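These are the residues of each chain, in order.
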Amino acid sequence: MEIDPFIFRLSIFILSIFIGYYVVWSVTPSLHTPLMSVTNAISSVIIVGAIIAALAGTSESIFNTSSIFGFIAIILAAINIFGGFLVTQRMLQMYKKKKDKKK
Amino acid sequence: MISANLAAIFYLVSGILFILALRGLSSPDTSRQGNYFGIAGMVIAIVVTFLSIGNFSSSLIYVIMFLVIGGAIGAFIAFKIPMTAMPELVAGFHSLVGLAAVFVAIAAFLNPDAFNLGIVGNIKLASLIEMSIGVAVGAITFSGSIIAFLKLRGIMSGAPITFSGQHILNLLLGISIFVLIFYLCKTQSTNIFWTVIVISFLIGVLLIIPIGGADMPVVISMLNSYSGWAAAGIGFTLENTALIITGALVGSSGAILSYIMCKAMNRSFVSVILGGFGADNSADDKKEKKDQKPVKSGNAEDAAFLMKNASSVIIVPGYGMAVAQAQHALREMVDKLKKNDIKVTYAIHPVAGRMPGHMNVLLAEANVPYDEVFELEDINNDFANSDVAFVIGANDVTNPVAKTDPKSPIFGMPVLDVEKCKSVLFVKRSLSPGYAGIDNELFYKDNTLMLFADAKKMTEDIVKNLD
């Protein structure tokens, strides 16, 4: 009997939870705020769904009900992607060691 | 145009890059590189999505346009936002992820053909279940984050909003979601789908309103986790590996942060969720006590004198420092002290501020090197050997009652042993209790000098007096 592809996806999902568990425990507490902003940015990879939905419209009707939701989702996710990564970058630039700060 | 298999492999690559992005955060040295990995992962995912659709109809130009509009708004926010506003920014971003998940699920429900999920009215059962879970969690994340945003921004009062029957109502709504999803799968009815979304929005609101300001670090972490699970739910619907991996990573990341925050407050996750903490004001009886106990208060001159004659100073920042934007003045004060060969370190309690790591970011912004900043367990033994503890904007996290009084609501919470210092300088506007609603014993200790003023103003005055 063939294994349902869902089981494979579920395996990936569960293994990723374990990876996440160990990786996140190793994050230093002083970087917990950048951790939250970067997880924010990467979870916006949901934009791939939004792009698929938006491109599903036909040439005659680019904007149908389904694709409009896709287009709005693109904006929302794009705000998050750019905002999330850039604000993380901005924060991480500020973390300096003792040596650098001598004037 | 690339094959589905090749696309799947690229999605896996971008998932791995996201793992590396989080891995980079294990140290500030590797963190910037980690962020680039994350960006690379995102670029791969987006490009592969375009390539795998291949059919570039005239919609493409609009897709790019919307992408650029969103990106510009995001970039603008990222550069403009002050670091003190980071908690509400993160809450706001969570709400966007939640809403995006809801919209993608709606799009998939209305046009399942585009996602290979079947046809309208006959969507594959598994897809429908995944979609409904994704949409429900996404909607809860959205409305919950909006409430958290309003509370953090101060538009809505941080005080818990409770009413009788609240928990039963939440429970009934929660059960109704499952019942509705069951019927949705049976009937494929569009109306039921909309109802699920509306009820989920309602749950999100009801879930967050009873939670008070001091519990915000838990709420933010929890919503972080939810946004991950919502993404994973959509990932299953779209059969997209990158999304499944990311959802799992973000979900567990938020869950771990919530756990760390709860532990730092010695509260169970359930009791935080049920809310109402800090609401009970048995204020009268506290006032009496206050009148009886003498408090020593001083001015900037006294504080400067004490610190000048110290050989080591530990600074304990809290939310009040963020509110007063005192981090830059604080840094100036520390520079002056260091010139006098006084050893200065910073002690940070895990729940200081309104989100995990909040204080660290603010200090980093003020150019405080991160190797002078220590976590609770690393520095707590040093208080006994230090001359001065400078508490600025923190309160409950220094309260010795947590160690001595089993009846106190914060008993058992790990606190900074500030009182062990030879002298304690406590910058605070008044004697009012903190978010936990309890009096701080530290105020009345013999070795405590209260500095009643705005944190920024007091710090600036001390700087003047240090010359």
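All of the points below concern the structure found in this document. (Residues numbered from 1 in each chain as written. Chains lettered and ligands numbered in written order. Predicted model: local features only at pLDDT ≥ 70, side-chain atom pairs only at ≥ 80, totals over all residues. Heavy atoms only, no water.)

**Remarks on the overall build of chain B**
- The secondary structure content of chain B amounts to 18 helices and eight strands.
- Structurally, chain B occupies a C-alpha span of about 75 × 50 × 30 Å along its principal axes.
- Residues counted as buried form 58% of the 467 residues belonging to chain B.
- Counting only contacts in chain B whose residues sit at least 6 apart along the sequence, the fraction spanning at least 24 positions is 77%. (Helix = DSSP H or I, 4+ residues; strand = E, 2+ residues; numbered from the N terminus. Buried < 20%, exposed > 50% of the residue type's maximum accessible area, 1.4 Å probe, protein only. Contact = heavy atoms within 4.5 Å.)

**Points about the overall build of chain A**
- Assigned secondary structure in chain A consists of four helices and zero strands.
- When the helices and strands of chain A are placed in sequence order, the string is α-α-α-α.
- Seen through its C-alpha atoms, chain A measures out along the principal axes to roughly 65 × 45 × 15 Å.
- Counting all 103 residues of chain A, 58% fall into the buried class.
- Considering only contacts within chain A whose residues lie at least 6 apart along the sequence, 64% involve residues at least 24 apart.
- Summed over its atoms, the accessible surface of chain A is roughly 4400 Å², and 69% of this surface lies on carbon and sulfur atoms.
- If the 9 positive side-chain charges of chain A are averaged to one point and the 4 negative ones to another, these points end up 37 Å apart. (Areas by Shrake-Rupley, 256 points an atom, 1.4 Å probe, with all protein chains shown as cover. Lys, Arg positive; Asp, Glu negative; His and termini not counted. Charge placed at Lys NZ, Arg CZ, Asp CG, Glu CD.)

**Some thoughts on the nonpolar core**
- I74 of chain A together with V313, I315, M333, F383, F390 and I462 of chain B are the most contacted members of the largest nonpolar core, which totals 194 residues.
- For this core, the element with the highest residue contribution is helix α4 (residues 86–110) of chain B, accounting for 17 residues.
- Once you skip the residues sitting within four places of it in the chain, I74 of chain A turns out to touch I47, A50, I51 and A54 of chain A together with V63, F66 and L67 of chain B.
- Ranked by size, the runner-up nonpolar core spans five residues in total, among them F13 of chain A together with A232, I244 and A248 of chain B. (Core = buried A, V, L, I, M, F, W, Y, C linked by side-chain atoms within 4.5 Å.)

**A short note on the environment of M458 of chain B**
Residue and element names in this part refer to chain B.
- Relative to the helices and strands, M458 is located in helix α18 (residues 455–465).
- Taking the C-alpha atoms as reference points, M458 and G138, separated by 320 residues in sequence, lie 44 Å from one another.
- Those residues within four positions of M458 in sequence are excluded, and the remaining contacts are A300, V427, L451 and A453.

**A word on the pattern of salt bridges**
- Scanning all chains against the criterion turns up twelve salt bridges over all chains.
- Salt-bridge contacts for R9 of chain A lead to E239 of chain B; the nearest nitrogen and oxygen are separated by 3.5 Å. Within this pair, whereas R9 of chain A is found in helix α1 (residues 5–25), its partner E239 of chain B is found in the loop between α8 (216–238) and α9 (241–265), the two belonging to separate chains.
- Given a relative accessible area of 39%, E239 of chain B falls into the partly exposed group.
- A salt bridge links D461 of chain B to K464 of chain B; the nearest nitrogen and oxygen atoms lie 3.6 Å apart. (Salt bridge = Lys/Arg side-chain N within 4 Å of Asp/Glu carboxyl O.)

**Side note on a nonpolar patch on the surface**
Residues and elements named next belong to chain B.
- There is a patch of nonpolar side chains on the surface, built from I168, L171, L172, I175, V179, F182 and Y183 and spanning about 710 Å² of accessible area.
- Summarising the element assignment, L172 is placed in helix α6 (residues 166–187).
- In this structure L172 comes out as exposed when scored by relative accessible area, which is 52%. (Patch = residues over 30% accessible without salt bridge, like charges linked within 9 Å, V, L, I, M, F, W, Y side chains within 5 Å.)

**Notes on the pairing of strand β3 (residues 312–317) of chain B**
Residues and elements named next belong to chain B.
- Among the six residues that make up β3, six are buried, leaving the element largely enclosed by the rest of the structure.
- Judged by which residues are buried, β3 turns out to be covered on both faces: S312, I314 and V316 on one side and V313, I315 and P317 on the other are all buried.
- Bridge count between β3 and strand β4 (residues 343–348): four bridges; the pairing is parallel. Looking across to β4, one finds that S312 is bridged to K343.
- Summarising the sheet, β3 and strand β6 (residues 388–392) pair through five bridges and their orientation is parallel. (Pairing = 2+ DSSP bridges.)

**A closer look at the packing of α1 of chain A against α8 of chain B**
- α8 of chain B packs onto α1 of chain A with a crossing angle of 160° between their chain directions and a minimal axis gap of 11 Å. When the axes of α1 of chain A and α8 of chain B are compared, the pair comes out roughly antiparallel. In the packing of α1 of chain A onto α8 of chain B, the handedness of the crossing is right-handed. Contacts between α1 of chain A and α8 of chain B involve F6, R9, L10, F13 and I17 of chain A from the first element and W229, A232 and F236 of chain B from the second.
- Here the residues of the contact of α1 of chain A with α8 of chain B are counted per class, giving seven nonpolar, no polar and one charged. (Axes fitted to C-alpha atoms, helices over the stretch in contact; angles between N-to-C directions. Parallel < 35°, antiparallel > 145°, perpendicular 65-115°, else oblique. Left-handed = near helix turned anticlockwise from the far one by under 90°. Nonpolar A, V, L, I, M, F, W, Y, C, P; charged D, E, K, R; others polar.)

**Here's the deal with the interface of chain A and chain B**
- On the side of chain B, 106 residues touch chain A, which itself brings 80 residues to the contact.
- Interface area, chain A with chain B, both sides summed: about 8600 Å², of which 77% is carbon and sulfur.
- Area buried by chain A at its contact with chain B is led by M36, I46 and L55 of chain A, which between them contribute 9% of it.
- Run the count over chain A and chain B and you get one salt bridge.
- Between the two partners, chain A and chain B, sit 19 residue pairs in polar contact (both at pLDDT 80 or more).
- Elements represented by at least two residues in the side of chain A that touches chain B include exactly α1, α2 (32–43), α3 (47–55) and α4 (65–94) of chain A.
- It is α4 of chain A that contributes the most residues to the side of chain A that touches chain B, 27 residues altogether.
- A per-class count over the side of chain A that touches chain B returns 50 nonpolar, 23 polar and seven charged. (Buried area = accessible area lost by both parts, 1.4 Å probe. Polar contact = N/O pair within 3.5 Å; in protein donor to acceptor, adjacent residues only side chain to side chain.)

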